[in-house]
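One-letter residues, chain by chain:
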Amino acid sequence: MITISLCMIVKNEERTLPRCLTSAQGLADEVIVVDTGSTDGTVAAAEALGAKVFHFPWRDDFAAARNYAFDQATMDYCLWLDADDVIEPEDRKKFLELKATLPPDTDVVMLPYHAGRDEAGRPTLTYERERLIRRAAGLRWRGAVHEAIAPAGTIHHGDAAVTHRKEGPGDSGRNLRILEGLRARRPLEPREQYYYGRELAFLGREEEAVQALRAFLAGGRGWKPDCIQASMDLADCLGRLGREDERLPALTGALAFGPPTPELCCALGSVFMDRQQWETAAFWYHLALTQPAGSGFHYPDCRGYIPLLQLCVCSWNLGAREASEAFNDAALALKPECPVCRQNREFFNRWHQAHAES
């Protein structure tokens, strides 16, 4: 059985750190907590739960802090978590099974990261992350923000998920400040340029985001999943700017990087719905139901609920009343609490009643 060092970087996380460490108890053989300048009770909370605490002066570089945390590890593998992450009970069982059965020559273990959930607890945003790294593989974090380890060597894909449970608003401008500081000193690397565009869009600086995302795509050096997502982000920015005629070219540009993901299919369907081109919109929503999830950001609703609900609208406008009703009922089965689906169900009930009376 492999041994695991849980490696974390934290700052002012006294509220969330105990929850995280408690959820991970029994999975790691040692816990490394690197504090980057807390002024609350974070250090005491970590020590109370048996963590080895180290201190690292913050210098606007997440990769540097994470590499330092990994450098303190002594076990076979490094597992990383953020303080507002948790491992749910059902995933703890999967982690324990993974730990007991993982071949010891595996270099990287990719696991799902549930970064968003709806009110019913269903994942709304999921993507794979490099979660367990074999220490002897010598792989290093890169990126001052949105840091990552490029998977290499023998890679295993598992299903033990980590769930992000963010509390509070956080510092919404921190990442952009770091990236702008880097940009003032040197050209941004492709992944940095990608996230620079996304951060600009997140903060409502749409025109600048369009320029940054186009520069990233034109560079031709980004990871394919990032290029597909950047194309969709670009289309969203253009839409918010009212530049509707540029949305479709931005989205079709994503097809140069691989087969359409469910997310891209839904985005294309949306463009044609806005144009009331119902048949073409329906084509893309049907395709969204059958396409496999991509390797980038994955929104599970784009393989079920969203295309089903939109096919309800498209089918109705195409005169396919029974199909429209069936699509709505399928969406309602996925989300019984959905008010739109319930309103549609009431509409169909009234339609049936009126049809019967006539």
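Computed from a predicted structure; not experimentally measured.

Chemist: Would you mind showing me how to read the overall build of the chain here?
Modeler: A tally of helices and strands in the chain yields 14 helices and nine strands. C-alpha atoms of the chain, sized along the principal axes, occupy 75 × 45 × 40 Å. When the 358 residues of the chain are sorted by exposure, 47% land in the buried category. Relative to all contacts within the chain whose residues are 6 or more apart in sequence, the contacts with residues 24 or more apart total 65%. As displayed, the chain has an accessible area near 17100 Å², and 52% of this comes from carbon and sulfur atoms. Of the charged side chains in the chain, 41 are positive and 51 negative; the average position of the first set lies 2 Å away from that of the second.

Chemist: Hey, could you run me through the pattern of salt bridges in this one?
Modeler: A side chain with one charge can pair with a side chain of the opposite charge if their charged atoms come near. Going through the model one piece at a time under the given rule, you end up with 26 salt bridges. Here Arg247 and Glu244 are joined by a salt bridge, their closest N and O atoms 2.7 Å apart. Owing to a relative accessible area of 11%, Arg247 belongs among the buried residues under this scheme. The exposure class assigned to Glu244 is partly exposed, which follows from its relative accessible area of 38%. Look at the salt bridges and you will find they share partners, linking Asp118, Arg122, Asp301, Lys335 and Glu337 into a network.

Chemist: Honestly, the pairing of strand β3 (residues 52–55) in this entry has me stumped. Any pointers?
Modeler: Along a regular strand, successive side chains alternate from one face of the sheet to the other. Of the pairings in the sheet, the one linking strand β2 (residues 30–35) to β3 comprises four bridges and is parallel in character. Bridged to Ile32 within β3 is Lys52. In this region the chain leaves β2, passes through helix α2 (residues 42–48) and returns to the parallel neighbour β3; the handedness of that crossover is right-handed.

Chemist: Even after reading the chapter, I still don't get the nonpolar core, so can you show me in this structure?
Modeler: Generally speaking, nonpolar side chains in soluble globular proteins are found buried as a group. Leu6, Met8, Phe70, Leu81, Phe95 and Leu251 are the most contacted members of the largest nonpolar core, which has 107 residues in total. Not counting residues within four places of it along the chain, the set of residues in contact with Leu81 comprises Leu6, Cys7, Met8, Cys20, Ala24, Arg66, Ile87, Arg131 and Val162.

Chemist: Please clarify how the packing of helix α12 (residues 305–317) against helix α14 (residues 339–357) should be interpreted in this entry.
Modeler: When two helices pack together, their arrangement is given by the angle between the helix axes and by the axis-to-axis distance. Running from N to C, α12 and α14 cross one another at 30°; their axes reach a closest spacing of 12 Å. Taken together, α12 and α14 sit at an angle that is classed as roughly parallel. Here α12 and α14 pass one another in a crossing that is left-handed. Two secondary-structure elements touch here, α12 through Tyr305, Leu309, Cys312 and Trp316 and α14 through Val340, Cys341, Asn344, Phe347, Phe348 and Trp351. Partitioned by chemical class, the residues of the contact of α12 with α14 number nine nonpolar, one polar and no charged.

Chemist: Any chance you could explain α12 here in plain terms?
Modeler: With 13 residues, α12 extends 19 Å from end C-alpha to end C-alpha; this agrees with the ideal 18 Å at 1.5 Å per step. All of the buried residues in α12 are Tyr305, Pro307, Leu308, Leu309, Leu311, Cys312, Cys314 and Ser315. Where α12 is buried, its residues meet α10 (262–274), α11 (278–290), α13 (321–334) and α14. Looking one or two residues past α12, Gly319 carries a phi angle of roughly 85°, positive in sign.

Chemist: Quick question: what am I supposed to make of the side chain of Glu325 here?
Modeler: With respect to the element layout, Glu325 can be found in helix α13. Since its relative accessible area comes to 13%, Glu325 is described here as buried. Non-local contacts of Glu325, meaning those with residues more than four positions away in its chain, are made with Arg345, Phe348 and His352.

Chemist: Sorry if this is basic, but what is going on with the packing of aromatic side chains here?
Modeler: A ring pair, where both rings are aromatic, is described by two values, the distance of the centres and the angle of the planes. Per the stated rule, a full pass over the model turns up 13 aromatic pairs. Residues Tyr194 and Phe216 carry aromatic rings whose centres are separated by 5.2 Å and whose planes lie at 35° to one another, so their mutual orientation is tilted. Taken together, the residues span a long stretch of sequence, with Tyr194 in helix α6 (residues 190–202) and Phe216 in helix α7 (residues 206–219) at a distance of 22 residues. Tyr194 sits in the buried class, given a relative accessible area of 1%. Under the relative-accessibility criterion, Phe216 is labelled buried at 4%.

Chemist: What is the right way to look at the packing of α11 against α12 in this model?
Modeler: Across the interface, α11 lies against α12 with an axial gap of 9 Å and an inter-helix angle of 150°. Looking at the two axes, α11 sits roughly antiparallel to α12. The crossing of α11 and α12 is left-handed. Side by side, α11 and α12 meet where Trp278, Ala281, Ala282, Tyr285, His286, Ala288 and Leu289 of the first sit next to Pro307, Leu308, Gln310, Leu311, Val313, Cys314 and Asn317 of the second.

Chemist: Is there a simple way to explain the state of the cysteines in this structure?
Modeler: Disulfides are covalent bonds that connect the sulfur atoms of two cysteines. Under the definition given, this model contains zero disulfides. Free of any disulfide, Cys266 has its nearest neighbouring cysteine sulfur in Cys302, separated by 4.1 Å. Residue Cys266 is classed as buried on the basis of its relative accessible area of 8%. Assessed through its relative accessible area of 9%, Cys302 is described here as buried.

Chemist: What should I look at first to understand the environment of Trp351 in this one?
Modeler: Here Trp351 shows up in helix α14. Linking Trp351 and Leu287, residues 64 residues apart in sequence, is a C-alpha distance of 29 Å. When residues no more than four places from it in sequence are discounted, the contact partners of Trp351 are Trp316 and Arg321.

Chemist: Mind showing me how you'd approach the environment of Ala45 here?
Modeler: Within the secondary structure, Ala45 is located in helix α2. In this structure Ala45 comes out as buried when scored by relative accessible area, which is 16%. In sequence terms Ala45 and Thr16 are 29 residues apart; their C-alpha atoms lie 9.8 Å from each other.

The rules behind the values
Residues numbered from 1 in each chain as written. Predicted model: local features only at pLDDT ≥ 70, side-chain atom pairs only at ≥ 80, totals over all residues. Heavy atoms only, no water. Helix = DSSP H or I, 4+ residues; strand = E, 2+ residues; numbered from the N terminus. Buried < 20%, exposed > 50% of the residue type's maximum accessible area, 1.4 Å probe, protein only. Contact = heavy atoms within 4.5 Å. Areas by Shrake-Rupley, 256 points an atom, 1.4 Å probe, with all protein chains shown as cover. Lys, Arg positive; Asp, Glu negative; His and termini not counted. Charge placed at Lys NZ, Arg CZ, Asp CG, Glu CD. Salt bridge = Lys/Arg side-chain N within 4 Å of Asp/Glu carboxyl O. Pairing = 2+ DSSP bridges. Right-handed = clockwise from strand over helix to strand, strands pointing away. Core = buried A, V, L, I, M, F, W, Y, C linked by side-chain atoms within 4.5 Å. Axes fitted to C-alpha atoms, helices over the stretch in contact; angles between N-to-C directions. Parallel < 35°, antiparallel > 145°, perpendicular 65-115°, else oblique. Left-handed = near helix turned anticlockwise from the far one by under 90°. Nonpolar A, V, L, I, M, F, W, Y, C, P; charged D, E, K, R; others polar. Expected span 1.5 Å × (residues − 1). Phe/Tyr/Trp six-rings, centres within 6.5 Å; stacked < 30°, edge-to-face > 60°. Disulfide = S-S within 2.5 Å.

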